[in-house]
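Here's the letter readout for the chains.
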Amino acid sequence: MHVNSAFDDFVRAADSVKSLDELQLVLEETATRLGYDYFALTHHVDWRRNVSGAIRLHNYPSSWVDFFDENGLGTIDPVQRTSEFAGFGFRWAAAKAGWSERDNYILALAEGHGIRDGYTVPFQMPGEFFGSCTFAVRPGKALPAPNLTLTYLIGRYAFEAARRMAGPPGIVTRPGTRILTDRQHDVTVLVARGMTNKEGGRHLGISPFTFREHVSDIYERLGAHDRVSLTLRAILNCEINFSQLLP
């Protein structure tokens, strides 16, 4: 399969859809064209909870999805965990050498539901949920090795397309570990947008002096020394995300 033409075909199809449901259909057709049986484009969250902003598109067997969700595997899945530290796409078979006995047991469970091996493309955006786009095959079927580079390109583009279509992305939340208070969060967003103390104070209905005091407290909490480092540290600590920087 010619990489350029296949990728261009996918881009045209993905750019023409108007909803995530339509994008799912495009991904199903693309997975088949590439030689896979399944795909899963998802944020890495616990799907037992109602997580605002999280995206999930897939055509996995319903029996596996139900089992995965009911047992909270989204928090311990080895494929998702590996992708959160990966700089490029990876084959499950190649990653298994570093997995624990529990990790391999989870993969064996997936195989019991009809999913044998896969290729996963990580998606990491500071301040947002981790995500990935996976293409997988049934037991007894090999991954289409000649198409892995194309799979990576399509997986990356697909996640960006889904992210744009879904609207403002979900910000990572870690219960009990937030550094900033709600008011400090609001101040941080305004500082990140480039507002002065006077402008920020007017926006929040407080005095410039009070706004400046909040900024000073935020410097201390984040270990920042100026407004640029404050913004960067707030993003890297998942206190704000890039979508909040837009007016």
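Look up a bit, the structure's there.
Definitions and limits used
Residues numbered from 1 in each chain as written. Predicted model: local features only at pLDDT ≥ 70, side-chain atom pairs only at ≥ 80, totals over all residues. Heavy atoms only, no water. Axes fitted to C-alpha atoms, helices over the stretch in contact; angles between N-to-C directions. Helix = DSSP H or I, 4+ residues; strand = E, 2+ residues; numbered from the N terminus. Parallel < 35°, antiparallel > 145°, perpendicular 65-115°, else oblique. Left-handed = near helix turned anticlockwise from the far one by under 90°. Contact = heavy atoms within 4.5 Å. Nonpolar A, V, L, I, M, F, W, Y, C, P; charged D, E, K, R; others polar. 1 Å grid on protein atoms, 1.4 Å probe; cavity = no way out; pocket = protein on both sides within 12 Å on 5 of 7 lines; lining within 4 Å. Points joined across faces, edges and corners; volume = space filled by probe spheres on them. Core = buried A, V, L, I, M, F, W, Y, C linked by side-chain atoms within 4.5 Å. Buried < 20%, exposed > 50% of the residue type's maximum accessible area, 1.4 Å probe, protein only. Phe/Tyr/Trp six-rings, centres within 6.5 Å; stacked < 30°, edge-to-face > 60°. Lys NZ or Arg CZ within 6 Å of the ring centre and 35° of its normal. Pairing = 2+ DSSP bridges.

Let us now look at the packing of helix H8 (residues 182-192) against helix H9 (residues 197-204). Between H8 and H9, whose axes approach to 10 Å, the crossing angle comes to 130°. On the basis of their axis angle, the class for H8 and H9 is oblique. Once H8 is placed against H9, the crossing between them reads as right-handed. Across from Arg183, Asp186, Val187 and Leu190 in H8, the residues of H9 making contact are Gly200, His203 and Leu204. Residue classes in the contact of H8 with H9 are distributed as three nonpolar, two polar and two charged.

What follows is about empty space enclosed by the protein. Applying the stated criterion across every chain yields a total of one cavity of 30 Å³ or more. Empty space within the largest cavity amounts to approximately 270 Å³. Looking at the lining of the largest cavity, the elements that each hand over two or more residues are strand S1 (38-43), strand S2 (56-58), helix H3 (62-70), helix H4 (78-83), helix H6 (101-112) and strand S5 (131-137). Considering only residue class, the lining of the largest cavity consists of 11 nonpolar, five polar and two charged.

Take the nonpolar core next. In terms of nonpolar packing, the biggest core is built from 29 residues, with Leu23, Leu27, Tyr36, Leu41 and Phe135 touching the most fellow members. Contributing elements (two or more residues each) for this core: helix H1 (3-16), helix H2 (20-34), S1, strand S4 (117-123), S5 and helix H7 (148-166). In terms of residue count, H7 provides more of this core than any other element does, eight residues in total. Non-local contacts of phenylalanine 135, meaning those with residues more than four positions away in its chain, are made with Leu27, Ala31, Tyr36, Tyr38, Phe39, Asp117, Gly118, Tyr119, Thr151, Ile154 and Gly155. Core analysis: the next-biggest nonpolar cluster, separate from the first, contains 18 residues, Trp64, Trp92, Ala110 and Ile115 among them.

With that settled, the discussion passes to the packing of aromatic side chains. For the structure shown, the criterion picks out eight aromatic pairs. A ring pair is formed by phenylalanine 7 and tyrosine 157, whose centres lie 6.0 Å apart and whose planes are at 90°; its orientation type is edge-to-face. Taken together, the residues phenylalanine 7 in helix H1 and tyrosine 157 in helix H7 connect sequence positions 150 residues apart. Its guanidinium or amino end placed over the ring of tyrosine 157, arginine 164 lies 5.9 Å from that ring's centre, counting from NZ or CZ.

To continue, consider the pairing of S1. Remember that side chains alternate between the two faces of the sheet whenever the strand is regular. With respect to burial, S1 is a largely interior element, six of its six residues being buried. Burial along S1 is two-sided: Tyr38, Ala40 and Thr42 facing one way and Phe39, Leu41 and His43 facing the other are all buried. Of the pairings in the sheet, the one linking S1 to S5 comprises six bridges and is antiparallel in character. The residue of S5 that forms the bridge with tyrosine 38 is alanine 136. One ladder, built from three bridges, connects S1 with S2; its direction is antiparallel.

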